Structure formats: structure tokens, C-alpha cells
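# Structure at a glance
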Amino acid sequence: MLNATENKYKGCAAELVAAFYMNAFIILRPLIVSYSYRWSIILPLIVMPLAMVSVVHRNFKINVLLLGKLFAFICVVTSLFLIDFLLRWNKFTWENYYSFLIHGAITGFLLANVRRYDQLLKYWTIFSIIAGVLYIPDPFNHYSISGGYMSFGSGMLPAFIATVIVFSHYRIKLIAPLMIVFFVETVVYANKGATVSAMAIVAFFIVFNTENKKKRIKRIMILLILSILLLLFLNTIFEIFNMIAVRLGVGSYALTDFSKIFRIKELSSFNSRRGIWDQVGEEFRSHWFFGMGIGGFQNKYNNYAHNFFMDLFITHGVIIGGLILWQLFRYVKNTMKFIKYNKELFLFTFSILLLWFFPSQFSFTYWKLDAFWVFIIVNIYNKTCSHIANVDPIQG
């Protein structure tokens with residue numbers, strides 16, 4: 001007969017599998033970079049064993065209710081694709097649907113049987129930190145592991161937020177040096193969206209690291225004052241850091257770009273983004289109601305919108321885009337309620353929100369952002385707070 005410790009471990013198989021899968025795309029990135037043309041084969045080889053472990057596990061019970069919600073969600077998203085397949089198909093339609101299946105449908109299946117978000121959070125932080133450690137030498141080796149500064153930021157940002165959770169929530173102070181390394185590499189070597197996200201993560205955990213409302217208000221006021229002072233000298237700060245980085249031979253895309261932003265004569269560094277956003281504006285004038293369809297803008301201009309809100313409305317139009325945005329706002333409000341009932345669920349879901357929201361304002365398309373789909377699915381599964389308290393699956 002299994003002892004209590006073994007039962008507890010075996011009872012968390014779904015949490016372990018889900019946490020690994022959410023980080024598998026980062027940990028296994030070298031395979032994708034080296035054998036990108038075989039990714040359609042590599043992915044099933046990853047998913048099938050994970051799914052089998054979940055299904056055949058002796059303590060694993062399928063949550064029919066949540067799987068029903070997942071099926072309904074997949075049907076809604078598939079219907080949007082089906083309409084575009086029939087009426088305005090383009091070469092990116094299937095590519096984006098495939099991304100949804102990978103990051104949305106499969107992740108949803110694995111999350112449907114997660115019963116302990118405290119264990120999920122632990123496993124997720126562990127795998128995220130492992131991925132971050134693998135990426136540490138990457139900028140000094142021409143991004144040979146991640147494949148570029150964008151993918152590097154996507155891998156390093158979860159690692160940084162994981163170390164912040166370990167430091168502030170689990171109170172393991174020994175993680176501090178690694179946390180600092182992750183933060184510095186994110187700011188110096190990743191994309192601008194990852195840099196802004198890292199700063200937002202720091203501010204969030206400073207404010208919410210206490211349950212005392214008066215202390216929160218005090219910390220918010222301190223952050224506002226520091227932010228104002230920082231903005232006054234931000235140009236000088238970025239110039240100094242960029243100069244140091246260049247002299248050390250470790251020049252940074254993010255630092256160089258940020259330092260240019262604050263010199264009006266060099267605002268041309270944003271011309272590429274402004275040019276794309278101008279194109280979105282022009283197309284929106286004639287496609288404001290129905291949008292251009294999934295992948296429609298990218299098919300015409302060979303580039304995506306580089307902004308989540310623009311991407312949403314140029315794809316779906318004002319009606320469907322507005323409904324999606326309204327639902328996402330409800331999910332954010334729902335996430336904030338988790339803190340009263342299940343702090344681990346709140347930390348996990350809000351961290352996932354931070355991971356996709358800020359980077360998607362400058363880069364990426366939401367169809368390929370796994371964090372975007374995880375955020376939606378977790379909220380679909382936890383729309384009410386009556387069942388989200390951590391329950392031991394052996395005793396519950």
C-alpha cells in the first residue's frame with residue numbers, strides 16, 4: 001500500500017504533466033531551431049507520452065465538466081476558422097489554427113484535470129527556472145539555443161517571474177542571485193516587450209507581496225514617486241547602461257532602442273512599428289466591420305500588427321473583436337477575485353497574464369502566444385470561486 005507521500009506525489013501527475021507541457025516549447029527550443037521543418041513530427045512525440053501518462057495514471061480522473069467547457073471553447077474558435085477557411089482563406093489560416101491546437105486545445109486538455117493549483121504553481125516555477133538556466137549563456141553564443149532575441153525573451157521572462165515567485169511567495173531567499181541574473185539578461189538581451197514585462201512584474205510583486213491594504217497603498221505611492229523620478233532621468237540611465245554594454249562588447253538591442261526613444265531626433269527607431277500601425281489603420285477604414293480575417297493582414301503585408309488590440313480588431317472587426325475584448329476584461333476581473341480564495345491560483349494566472357499582455361503590445365500575434373491561451377482556459381475552468389480552493393485529490 002502506498003504511503004501518504006507517494007499518494008500525494010501520484011495524485012499530482014496531472015499538475016506535473018501540465019506544467020512540463022507549458023514549458024516544453026522553451027526547454028525543447030534547440031530541437032525546434034535545428035529541426036524546424038520536423039516540428040510537426042516532434043510535437044506529437046512530446047504530446048502523446050504526456051497524454052498517456054495522464055490518462056493511464058491510477059489516480060487520474062477525467063473531469064468531464066471541464067472537458068465539456070473545453071470542447072465548447074474549441075468549437076467556438078473552430079467556427080471562426082471555418083468561416084475564414086470557406087470565405088477568405090489565406091496561407092496563414094491553417095498555420096494559426098495549428099498554433100491554436102498546440103497552445104490552446106492540447107494545453108486545455110491537460111489543464112482540465114488539474115485539481116491542485118498549489119502543486120501546478122510549484123512545478124511550473126521549477127520547469128520555468130530550468131528553462132531559464134539553459135538560456136543564460138545564449139546571448140553570448142549568438143542565440144544558438146533560442147534562435148533569436150525574441151525567442152530568448154519568451155524563454156527568459158517566465159524564468160524571471162518564476163524566481164520572483166520563489167523569492168516572494170515561497171520565501172526562498174537563496175534564489176535572489178539567479179533572479180537578478182534573469183532580470184538583467186531580460187532587460188539587456190531580450191526584446192522591448194519582455195523588458196517592460198519584467199519591470200511590471202517587479203512592480204506587481206512589490207505591491208501584492210502584502211495583504212495589508214494600507215501597506216499596498218503606501219507601496220503604490222512609493223512606486224509612483226520612483227516612476228516619476230525614473231522617467232525624468234530615464235534617457236540618461238539608458239544611455240549609461242548602453243554605453244557600458246557596448247564597451248564590454250555585449251551591445252543590447254533593447255537598450256539601444258530604448259535610448260533612441262528618448263532622443264526625438266532618433267525616433268526613427270520606431271518607424272518600423274509606426275509604419276505597420278499606419279497600415280493597420282488604413283486597412284481598418286475599409287474592413288472595420290468584419291475585419292480582414294485570421295492571417296489576412298499578415299498575408300497582404302507579410303507582417304502581423306505588432307499590437308494585441310490592433311491585431312484583434314483588424315482580424316475580427318469591431319463586433320467580434322469587441323466581444324472578445326469584453327470577455328478578456330471579465331477574465332481579468334475574475335482573476336483578481338482568485339486572491340481571496342486561492343493565492344496560488346491567483347499568482348499563477350496573473351503571472352500568465354503578465355507574460356502575454358505586455359509583450360503583445362509590441363510584438364507577436366496572439367494565436368501563437370501560449371500564455372494567452374492558458375490565461376483564457378484557466379479562467380474558463382474557474383469562472384466561479386466555489387470550487388477553486390486547493391483540495392488534496394486523495395482526501396477530497
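Within any chain, residue numbers begin from 1 and follow the written order of that chain's sequence. Local features are withheld for residues below a pLDDT of 70 in this predicted model, meaning they are given only at 70 or higher, and side-chain atom pairs are given and counted only at 80 or more; totals for whole chains, interfaces and linings count all residues. Note that the side-chain values use all heavy atoms of the structure and ignore hydrogens as well as water.

## A few points about the packing of helix α17 (residues 343–357) against helix α18 (residues 370–381)
The test is simple: Axis lines are fitted through C-alpha atoms, for helices just across the contact stretch, and the angle between N-to-C directions can take any value from 0 to 180 degrees. Segments assigned H or I by DSSP are reported as helices when at least four residues long, segments assigned E as strands when at least two residues long, and all are numbered from the N terminus. What makes a crossing left-handed is the near helix being turned counterclockwise from the far one by less than a right angle; a clockwise turn instead makes it right-handed. We call two residues in contact when some of their heavy atoms are within 4.5 Å.
Close contact between α17 and α18 brings their axes to 8 Å; oriented N to C, the two are set at 145°. Between α17 and α18 lies a crossing whose hand is left-handed. Only Ala 371, Phe 372, Val 374, Phe 375, Val 378 and Asn 379 of α18 make contact with α17, whose side of the interface consists of Leu 345, Phe 348, Thr 349, Ile 352, Leu 353, Leu 355 and Trp 356.

## Here we look at the pattern of salt bridges
Threshold: In the sections that follow, a salt bridge refers to a side-chain nitrogen of Lys or Arg positioned within 4 Å of a carboxyl oxygen of Asp or Glu. Buried, partly exposed and exposed residues are distinguished by accessible area as a fraction of the type maximum, computed with a 1.4 Å probe on protein chains only: under 20%, between the cut-offs, and over 50%, respectively.
Under the definition given, this model contains four salt bridges. The residue Asp 84 makes a salt bridge to Arg 88 at a minimum N-O spacing of 2.7 Å. The class for Arg 88 is partly exposed, based on a relative accessible area of 28%. One salt bridge in this structure joins Glu 95 and Lys 368, with 2.4 Å as the shortest N-O distance. Of this pair, Glu 95 sits in helix α6 (residues 93–111) while Lys 368 sits in the loop between α17 and α18, and the two are 273 residues apart along the sequence. Judged by its relative accessible area of 32%, Glu 95 falls in the partly exposed class.

## As for the packing of helix α7 (residues 117–135) against helix α9 (residues 176–189)
Which entries qualify depends on this criterion: What sets the label is the angle itself: under 35 degrees gives roughly parallel, over 145 gives roughly antiparallel, 65 to 115 gives roughly perpendicular, and the rest give oblique. Note that Gly is not counted as nonpolar here; it falls among the polar residues with everything else outside the nonpolar set of Ala, Val, Leu, Ile, Met, Phe, Trp, Tyr, Cys and Pro and the charged set of Asp, Glu, Lys and Arg.
Their axes nearest at 11 Å, the elements α7 and α9 cross at an angle of 60°. By the angle between their axes, α7 is oblique relative to α9. Note that α7 runs across α9; the crossing there is left-handed. Counted together, Ile 129, Gly 132, Val 133 and Tyr 135 of α7 and Leu 178, Phe 182 and Glu 185 of α9 form the full contact between these two elements. Looking at side-chain class alone, the contact of α7 with α9 contains five nonpolar, one polar and one charged residues.

## Concerning a positive patch on the surface
The following threshold applies: Distance thresholds for patches are 9 Å for like charges and 5 Å for nonpolar side chains (Val, Leu, Ile, Met, Phe, Trp, Tyr), applied to residues having over 30% relative accessible area and no salt bridge. Here the open area of atoms and residues is found with the Shrake-Rupley method and a 1.4 Å probe, where only the protein chains shown may cover a residue. The positive count covers Lys and Arg only, the negative count covers Asp and Glu only, and His and the chain ends enter neither. All charge positions are set by atom: Lys at NZ, Arg at CZ, Asp at CG, Glu at CD.
Positive charge collects at one region of the surface, where Lys 213, Arg 330, Lys 333, Lys 337, Lys 340 and Lys 383 lie side by side. With four residues, the single largest contributor to the positive patch is helix α16 (residues 308–341). Inspection of the secondary structure assignment puts Lys 337 in helix α16. A relative accessible area of 45% means that Lys 337 is categorised as partly exposed.

## Here we look at the confidence of the model for the protein
Should the pLDDT be low somewhere, the predicted coordinates at that spot are not to be read in detail. Threshold: As a per-residue measure, pLDDT reflects the predictor's confidence and takes values from 0 up to 100.
The share of residues in the protein with pLDDT of 70 or more is 74%, and the mean pLDDT across the chain is 80. Low pLDDT, under 50, characterises residues 1–9; the predicted model gives this stretch nine contacts beyond four residues in sequence or across chains. Here residues 264–269 is a poorly scored stretch, pLDDT under 50, and it has seven contacts once near neighbours within four places are set aside; other chains count.

## Let's talk about helix α8 (residues 149–168)
To be explicit about the condition: In a helix, the anticipated span is given by 1.5 Å times the number of residues less one.
The end-to-end C-alpha distance of α8 is 28 Å, a good match for the 28 Å that 20 residues give at a rise of 1.5 Å each. The buried fraction of α8 amounts to 15 of the 20 residues, a majority that puts the element mostly inside the structure.

## A short note on the side chain of Asn 307
What counts here: Any pair of nitrogen or oxygen atoms within 3.5 Å is treated as a polar contact; in protein, a donor-acceptor pairing is required on top of that, and neighbouring residues in sequence qualify only through side-chain atoms on both sides.
Position of Asn 307 among the secondary structure elements: in the loop between α15 (296–301) and α16. With relative accessibility at 13%, the residue Asn 307 sits in the buried group. At 3.0 Å, the side chain of Asn 307 and the backbone nitrogen of Met 310 are in polar contact. Here Gln 361 takes part through its backbone oxygen, which lies 3.3 Å from a polar atom of the side chain of Asn 307. Sequence-distant contacts of Asn 307, defined by excluding residues within four places in its chain, comprise Trp 277, Ser 360 and Gln 361.

## Describing the environment of Phe 167
Summarising the element assignment, Phe 167 is placed in helix α8. With relative accessibility at 26%, the residue Phe 167 sits in the partly exposed group. Placed twelve residues apart in sequence, Phe 167 and Met 179 show a C-alpha to C-alpha distance of 8.3 Å. Contact partners of Phe 167, with chain neighbours within four places excluded, come to Ile 172, Lys 173, Ile 175, Ala 176 and Met 179.

## Comments concerning empty space enclosed by the protein
If a probe the size of a water molecule is rolled over the atoms, the empty space left behind becomes visible. For clarity, the threshold we go by: Here the term cavity refers to a set of points on a 1 Å grid, laid over the protein atoms alone, in which a 1.4 Å probe fits but cannot get out; the term pocket refers to an open set having protein on both sides within 12 Å along at least five of seven lines, with lining residues being those that place an atom within 4 Å of a point. Grid points are joined across faces, edges and corners, and a volume is the space filled by probe spheres set on the points.
Under the defined criterion, the tally for this structure stands at three cavities of 30 Å³ or more. Size it by volume and the second largest cavity reaches roughly 90 Å³. If you go around the second largest cavity, the residues you meet are Asn 96, Gly 295, Gly 296, Phe 297, Gln 298, Tyr 304, Ala 305, Asp 311, Ile 314, Thr 315, Thr 365 and Trp 367. Of all the secondary structure elements, the ones that give two or more residues to the lining of the second largest cavity are α15 and α16. Among the residues making up the lining of the second largest cavity, the classes are represented as five nonpolar, six polar and one charged.

## Things to note about the packing of aromatic side chains
The following threshold applies: Ring pairs are drawn from Phe, Tyr and Trp, using the six-membered ring of Trp, whenever the two centres fall within 6.5 Å, and their geometry is named by plane angle: stacked under 30 degrees, edge-to-face over 60, tilted for the rest. Here, a charge over a ring is recorded when the distance from Lys NZ or Arg CZ to the ring centre is within 6 Å and its angle to the ring normal is within 35 degrees.
Under the definition given, this model contains 34 aromatic pairs. An angle of 35° between the planes, with centres 6.0 Å apart, marks the rings of Trp 94 and Tyr 98 as tilted. Placement of the pair is Trp 94 and Tyr 98 together in helix α6, with a separation of four residues, close to one helical turn. Measuring from ring centre to ring centre gives 5.8 Å for Phe 308 and Phe 372, while their planes differ by 55°; the resulting arrangement is tilted. Remark: Phe 372 occurs in helix α18 and Phe 308 occurs in helix α16; sequence separation between them is 64 residues. A residue is classified by how much of its surface remains accessible, and Phe 372, at 2% relative accessible area, is buried. Note that Lys 173 overlies the ring of Phe 167, its terminal NZ or CZ placed 4.2 Å from the centroid.

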